[in-house]
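Okay, here's what each chain looks like letter by letter:
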Amino acid sequence: MLLLAAARQAARAHGGPDGPVPASFHAAFHQFTEVDGPVWIEVSGAGGADVQVVAGQGESVAFGCRVGAAAG
């Protein structure tokens with residue numbers, strides 16, 4: 001649940017204050033994340049209003065999510 005909240009916040013920040021509002025999530029959880037280590041969030045444009053969010057910990061990808069957006 002925390003990674004979905006991070007994906008929402010990252011997508012919102014990527015679009016700016018007047019950007020699109022996150023409306024849908026297509027997520028894949030690859031492994032657990034440990035609470036005692038940092039998790040890095042990366043955002044890239046996925047085409048249109050959608051963005052791709054990836055969460056990594058250490059050398060591994062823990063989570064990937066395509067966030068679909070509605071007009072803000």
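Here's what I pulled together on the structure shown here. (Residues numbered from 1 in each chain as written. Predicted model: local features only at pLDDT ≥ 70, side-chain atom pairs only at ≥ 80, totals over all residues. Heavy atoms only, no water.)

### Considering the packing of aromatic side chains
Step number 1: As enumerated under the stated definition, the model contains one aromatic pair in all.
Step number 2: Ring geometry for phenylalanine 29 versus phenylalanine 63: centroids 4.9 Å apart, planes at 45°, classification tilted. You can see phenylalanine 29 sitting in strand S1 (residues 21-29) and its partner phenylalanine 63 sitting in strand S4 (residues 60-70), a full 34 residues away along the chain. (Phe/Tyr/Trp six-rings, centres within 6.5 Å; stacked < 30°, edge-to-face > 60°. Helix = DSSP H or I, 4+ residues; strand = E, 2+ residues; numbered from the N terminus.)

### Remarks on the nonpolar core
Step number 1: Grouped together as the largest cluster of nonpolar side chains are nine residues: Leu3, Ala7, Ala11, Val51, Val53, Ala55, Phe63, Cys65 and Val67.
Step number 2: Of all the secondary structure elements, the ones that give two or more residues to this core are helix H1 (2-15), strand S3 (50-57) and S4.
Step number 3: Those residues within four positions of alanine 11 in sequence are excluded, and the remaining contacts are Pro22, Val51 and Val67. (Core = buried A, V, L, I, M, F, W, Y, C linked by side-chain atoms within 4.5 Å. Buried < 20%, exposed > 50% of the residue type's maximum accessible area, 1.4 Å probe, protein only. Contact = heavy atoms within 4.5 Å.)

### Observations concerning the environment of serine 44
Step number 1: Mapped onto the elements, serine 44 comes out in strand S2 (residues 40-47).
Step number 2: With 36 residues separating them in the primary sequence, serine 44 and arginine 8 have C-alpha atoms 13 Å apart.
Step number 3: Each residue touching serine 44, except ones within four places of it in the same chain, is listed here: Val51 and Gln52.

### A few points about H1
Step number 1: Its 14 residues place the ends of H1 20 Å apart at the C-alpha level, agreeing with the 20 Å of an ideal helix rising 1.5 Å per residue.
Step number 2: Taken together, the buried positions of H1 are occupied by Leu3, Ala7, Ala10 and Ala11. Taken end-on, H1 shows its buried residues confined to a sector of 100°, consistent with a single buried face. Those residues of H1 that are exposed and angled more than 90 degrees off the buried face are Leu2, Gln9 and Ala13.
Step number 3: Positioned one or two residues after H1, glycine 16 has a phi angle of 80°, which is positive. (Expected span 1.5 Å × (residues − 1). Arc of directions from axis to C-beta.)

### Description of the pairing of S4
Step number 1: Judged from the eight bridges that link them, S1 and S4 form a sheet pairing that is antiparallel. Of the residues in S4, the one forming a bridge with valine 21 is alanine 70.
Step number 2: Bridging between S3 and S4 involves seven bridges; their strand directions are antiparallel. Residue valine 53 lies in a different strand from S4, and its bridge partner there is cysteine 65.
Step number 3: Between S3 and S4, which pair antiparallel in sequence order, lie two residues; one of them, glycine 58, sits at a positive phi of approximately 65°. (Pairing = 2+ DSSP bridges.)

### Quick word on the environment of glutamine 57
Step number 1: You can see glutamine 57 is positioned in strand S3.
Step number 2: When residues no more than four places from it in sequence are discounted, the contact partners of glutamine 57 are Phe32, Thr33, Glu34, Gly37, Pro38 and Val39.

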